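Each chain, written out:
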Amino acid sequence: METLEITKEEEAIKAAQPTTSISGGQAVLEALIAEGVKTIFGYPGGAIMPIYDALYDYNDKLEHILVRHEQGGIHAAQGFARSSGKVGVVFATSGPGATNLVTGIADAMIDSTPLVCITGQVYAHLLGTDAFQETDVVNITTPVTKWNYQITEASEIPHILAKAFYIAKTGRPGPVLIDITKNAQIEKFDYQGYTPCTHIRSYRTKPKVRKEYIEQAAQLINEAKKPFVLFGQGVILGNAEKEFTRFIEKAGLPSGWTILGESAIASDHPLNVGMLGMHGNYAPNVLTNDCDVLIAVGMRFDDRVTGRLDKYAKQAKIIHLDIDPAEIDKNVQTTVPVWGDCKETLPMLTELLDKKEHKEWLQRFRDLEQQEIKEVIHEELNPSSEIMSMGEVIKILNELTNDDAIIVSDVGQHQMVACRYAKFKNSRSNITSGGLGTMGFGLPAAIGAKYGAPDRTVVAIVGDGGIQMTIQELGTIMQFGTDVKILILNNQFLGMVRQWQQLFNDKRYSFVNITSPDFVTVANGYHIAAQKIDKREDLKGALQEMLNYKGAYLLEVMVGKENNVFPMVPQGCSVSEIRLK
């Protein structure tokens with residue numbers, strides 16, 4: 001990404017435009033408005049104060065959400081981006097403000113979430129002197145950003161921010177960080193307007209589609225007796241849900257999803273065979289090692305999906321559709337690579353497919369599904385014990401929301417249960433931290449998701465551990481009246497770690513017993529309505545009250561302390577060695 005200079009054409013266009021004198025801080029805000037930004041999440045501080053001073057005069061054009069911690073700000077920006085499909089924007093000051101963004105930046109990088117992070121920095125003449133609140137955030141974030149850049153002169157701001165938005169949202173999306181020294185925010189310069197970026201010489205947004213690979217892929221699918229599709233978030237990021245649906249329907253292709261790909265097709269679609277991976281459904285995991293052609297669309301063969309690579313789909317021919325050439329052959333060797341945006345490649349491939357149904361092959365998925373229902377799902381959703389399960393909570397939530405809510409989960413057992421049992425009709429409905437597995441993601445991401453989709457019901461499903469990592473964001477909800485429903489599934493443990501310690505460490509529970517505050521009292525302290533229940537007969541009414549309430553609501557549900565999430569692919573095993581118990 002070295003070539004970022006202004007071209008001669010751009011210089012000529014700008015030279016012909018009328019100029020006005022504005023500050024660097026104003027230029028930042030003008031850039032955001034030009035890019036269609038309406039909502040910013042942030043926290044002010046000394047090194048970014050000139051931008052905040054300029055923001056004082058832009059309250060009618062830009063909405064700023066004051067979070068309680070910069071990590072909350074960037075997770076909120078992620079939630080916004082994931083629910084809206086737009087670029088999320090976050091502000092932070094230098095030093096600790098900037099470093100507090102790093103976890104969220106890393107999370108966004110691995111989950112391909114488009115963000116523009118703007119940080120303040122000390123005056124340019126103080127760089128490298130260990131000045132107060134100076135950190136080299138550019139070098140710190142280089143491994144976890146798609147691009148970053150430090151601005152030291154105000155005149156750089158318009159074209160650098162134009163490139164920032166272009167890079168963040170095109171190709172495989174990701175986070176961009178722009179660090180702006182304080183003098184650049186204060187300086188005035190001749191502003192010639194804002195020109196969105198449409199091209200960077202050294203940056204290719206997507207690879208050239210090779211038709212011969214499309215033809216080879218189509219031939220393999222047409223000849224397959226047992227084809228199987230794995231789809232990930234690339235379908236959603238490419239806005240290719242309709243194209244993907246036509247693709248699988250024409251050829252009758254059973255399709256399983258990654259947790260970030262969930263909701264790209266409806267949960268009840270007849271070709272949807274469930275969740276892949278460590279805590280995924282039984283059938284798609286077992287039959288991965290029995291299919292004859294495996295078609296991966298917009299997914300990266302993460303280790304939680306593949307299990308042992310040396311035992312993964314060795315019998316199958318592999319077709320991999322991805323916009324990022326670096327993902328092709330990275331983990332799984334492909335037979336046919338299909339480079340390109342799946343919005344473009346899927347219709348090309350669909351056109352060449354024969355109309356088929358594969359009824360007998362699809363029935364094998366349904367037969368194994370019935371086995372999983374009998375041995376795992378029925379008891380999870382309809383417990384025979386007096387103790388409530390996480391699954392039954394999700395089941396009733398589905399009924400009451402008519403499968404139409406945005407579910408934002410934190411990380412842990414509740415996350416896997418939510419992904420397994422939540423039902424969806426619409427895309428961009430399952431928001432969670434996938435690759436990084438960031439505890440504390442759920443609550444602030446739900447806040448952002450609500451701003452990204454204000455007309456939809458947003459439910460944060462969190463554990464008693466994860467919520468305490470970012471619980472201060474209840475203050476953000478209080479101040480701005482964000483209508484987020486918060487569902488705490490409290491098992492009084494760090495549940496996922498405890499499950500592993502039970503199964504693989506002889507039940508040697510080492511520091512997983514977690515003592516929590518009275519969440520209802522904490523919520524009430526933030527003027528948020530709240531309730532706690534521990535009896536099944538109260539569950540449906542409490543969930544209905546939460547959903548009907550006008551405004552934020554926290555519901556704590558006490559669930560089984562030592563319930564485990566099954567099925568499970570033990571670490572070091574192949575996906576076909578998945579355990580039902």
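Sequence order as written defines residue numbering, which begins from 1 separately in each chain. Given that this is a predicted model, residues contribute local features only at a pLDDT of at least 70 and side-chain atom pairs are listed and counted only at 80 or more, while totals for whole chains, interfaces and linings are drawn from all residues. Side-chain figures throughout are based on the complete set of non-hydrogen atoms in the structure, without hydrogens or water.

Chemist: Just checking my understanding: could you explain the overall build of the protein chain for this structure?
Modeler: Here a helix means four or more residues in a row that DSSP labels H or I, a strand means two or more in a row labelled E, and each is numbered from the N terminus. Each helix and strand counted, the protein chain has 23 helices and 20 strands in total. What the globule rule says is 2.2 Å times the number of residues to the power 0.38, and the radius of gyration is computed from C-alpha atoms. Relative to its length of 581 residues, the protein chain is compact, with a C-alpha radius of gyration of 25 Å against a globular reference of 25 Å. Counting only C-alpha atoms, the protein chain reaches 70 × 65 × 40 Å along its principal axes. Only protein chains enter the accessibility calculation, which uses a 1.4 Å probe; a residue is then buried when its area is under 20% of its type maximum, exposed when over 50%, and partly exposed in between. Expressed as a percentage of its 581 residues, the buried residues of the protein chain come to 60%. By definition, residues are in contact when any of their heavy atoms lie within 4.5 Å. In the protein chain, once contacts between residues fewer than 6 apart in sequence are set aside, the share between residues at least 24 apart is 78%. Carbon and sulfur atoms form 49% of the exposed surface of the protein chain, whose accessible area is close to 23400 Å². Mean positive and mean negative side-chain charge positions of the protein chain (57 and 70 charges, respectively) differ by 5 Å. Shrake-Rupley sampling with a 1.4 Å probe provides the accessible areas, and residues are treated as covered by the protein chains on show and by no other component. By the counting rule applied here, Lys and Arg register as positive and Asp and Glu as negative, while His and the ends of each chain are not counted. A single reference atom marks each charge: NZ on Lys, CZ on Arg, CG on Asp, CD on Glu.

Chemist: Sorry, what's going on with the packing of helix H4 (residues 70-84) against helix H6 (residues 102-110) here?
Modeler: The angle between two axes is taken between their N-to-C directions and runs from 0 to 180 degrees, where each axis is a line fitted to C-alpha atoms and a helix contributes only its stretch in contact. Across the interface, H4 lies against H6 with an axial gap of 8 Å and an inter-helix angle of 20°. Between H4 and H6, the angle is such that the two are roughly parallel. In this structure, H4 uses Gln 71, Ile 74, His 75 and Gln 78 to contact H6, whose residues at the interface are Thr 103, Gly 104, Ile 105, Asp 107 and Ala 108. Any residue outside Ala, Val, Leu, Ile, Met, Phe, Trp, Tyr, Cys, Pro, Asp, Glu, Lys and Arg is labelled polar, Gly included; the first ten of those are nonpolar and the last four are charged. Here the contact of H4 with H6 is built from residues that sort into 3 nonpolar, 5 polar and 1 charged. Oblique is the label for any angle not under 35 degrees, not over 145, and not in the 65 to 115 range, which are roughly parallel, roughly antiparallel and roughly perpendicular in turn.

Chemist: Can you walk me through the sheet that holds strand S12 (residues 293-297) in this structure?
Modeler: What holds strands together in a sheet is hydrogen bonding between their backbones, with the strands either parallel or antiparallel. The pairing criterion for strands is at least two bridges between them, as found by DSSP. Strand order in the open sheet made by the 6 strands is S11-S10-S9-S12-S13-S14, with parallel pairing throughout. Lying at the two open borders of the sheet, with one neighbouring strand each, are strand S11 (272-275) and strand S14 (336-339). Going across the sheet, the axis of each strand differs from the next one's by a mean of 20°, ignoring polarity. The strands touched by helix H12 (residues 241-251) are strand S9 (227-231), strand S10 (255-257) and S12; relative to S9, the strand with the most contacts, the crossing angle is about 165°. Against the sheet, helix H15 (residues 342-351) contacts S12, strand S13 (317-322) and S14, and its axis sits at roughly 135° relative to S13.

Chemist: Where do I start with the side chain of Thr 145 in this structure?
Modeler: Position of Thr 145 relative to the elements: it lies in the loop between helix H7 (137-141) and strand S6 (147-151). With relative accessibility at 7%, the residue Thr 145 sits in the buried group. Any pair of N or O atoms that falls within 3.5 Å is considered a polar contact. Within protein, one atom must be able to donate a hydrogen and the other to accept it, and sequence-neighbouring residues count only if both atoms are side-chain atoms. At 2.9 Å, the side chain of Thr 145 forms a polar contact with the backbone oxygen of Thr 141. Beyond its immediate chain neighbours, meaning those up to four positions away, Thr 145 contacts Ile 105, Met 109, Pro 175 and Leu 177.

Chemist: Looking at this structure, how should I read the packing of aromatic side chains?
Modeler: The geometry of two aromatic rings is summed up by the distance between their centres and the angle between their planes. Side-chain rings of Phe, Tyr and Trp (the six-membered ring for Trp) are treated as a pair once their centres are within 6.5 Å; stacked means planes under 30 degrees apart, edge-to-face means over 60, and tilted covers the remaining angles. All told, the structure shown has 15 aromatic pairs when counted by the stated rule. Measuring from centroid to centroid gives 5.4 Å for Trp 500 and Phe 504, while their planes differ by 70°, and the two rings are edge-to-face. Remark: Phe 504 and Trp 500 occur in helix H21 (residues 495-504); sequence separation between them is 4 residues, near one turn of the helix. Residue Phe 504 is classed as partly exposed on the basis of its relative accessible area, which comes to 33%. Three or more aromatic residues joined by ring pairs form one cluster here, namely Phe 41, Phe 80 and Tyr 451. Arg 498 extends its terminal NZ or CZ atom over the ring of Phe 493, reaching a point 5.7 Å from the ring centre. Counted as over-ring charges are cases with an Arg CZ or a Lys NZ within 6 Å of the ring centre that also lie within 35 degrees of the ring normal.

Chemist: What's the story with the environment of Arg 456 in this structure? I'm lost.
Modeler: On the secondary structure map, Arg 456 appears in the loop between helix H19 (442-452) and strand S17 (458-463). For the pair Arg 456 and Asp 483, spaced 27 residues apart in sequence, the C-alpha to C-alpha distance is 9.9 Å. Not counting the four nearest positions on each side in its chain, Arg 456 is found in contact with Asp 404, Ala 405, Ile 406, Asn 426, Ser 427, Arg 428, Ser 429 and Lys 450. A polar side-chain atom of Arg 456 sits 2.8 Å from a polar atom in the side chain of Ser 429.

Chemist: Just checking my understanding: could you explain H4 for this structure?
Modeler: Within an α-helix, residues lying three or four positions from one another point in the same direction, as the helix has 3.6 residues per turn. Taking 1.5 Å per residue, 15 residues should reach 21 Å; H4 reaches 21 Å between its end C-alpha atoms and fits that length. Within H4, 14 of the 15 residues are buried, which leaves the element mostly enclosed by the surrounding structure. Following H4 by one or two positions, Gly 85 adopts a phi angle in the positive range, close to 80°. The span one expects for a helix is its residue count, reduced by one, times 1.5 Å.

Chemist: For this particular structure, what's the right way to read the sheet that holds strand S19 (residues 529-533)?
Modeler: With respect to topology, 6 strands assemble into an open sheet ordered S16-S15-S17-S18-S20-S19, the strand pairing being parallel. Edge strands, defined here as strands with exactly one partner in the open sheet, are strand S16 (430-431) and S19. Direction of pairing for strand S15 (residues 406-409) relative to S16: parallel, over a ladder of 2 bridges. Bridge assignment links Ile 407 to a residue of S16, and that residue is Asn 430. Most of the contacts of H19 go to S17, to which it runs at about 175°, and overall it touches S15, S16, S17 and strand S18 (485-490). In the packing of helix H23 (residues 539-548) onto the sheet, contacts are made with S17, S18, S19 and strand S20 (553-558), and the angle to S20 comes to roughly 160°.

Chemist: In this structure, what is going on with the pattern of salt bridges? I would like to understand it.
Modeler: If the charged atoms of two oppositely charged side chains come close together, the side chains can form a pair. Only one rule defines a salt bridge in this text: a Lys or Arg side-chain nitrogen within 4 Å of an Asp or Glu carboxyl oxygen. This model, assessed by the stated rule, comprises 17 salt bridges. Between Glu 357 and Lys 359 there is a salt bridge whose closest N-O contact spans 3.3 Å. Put simply, Arg 172, Asp 324, Glu 327 and Lys 330 are held in one network by salt bridges that share partners.

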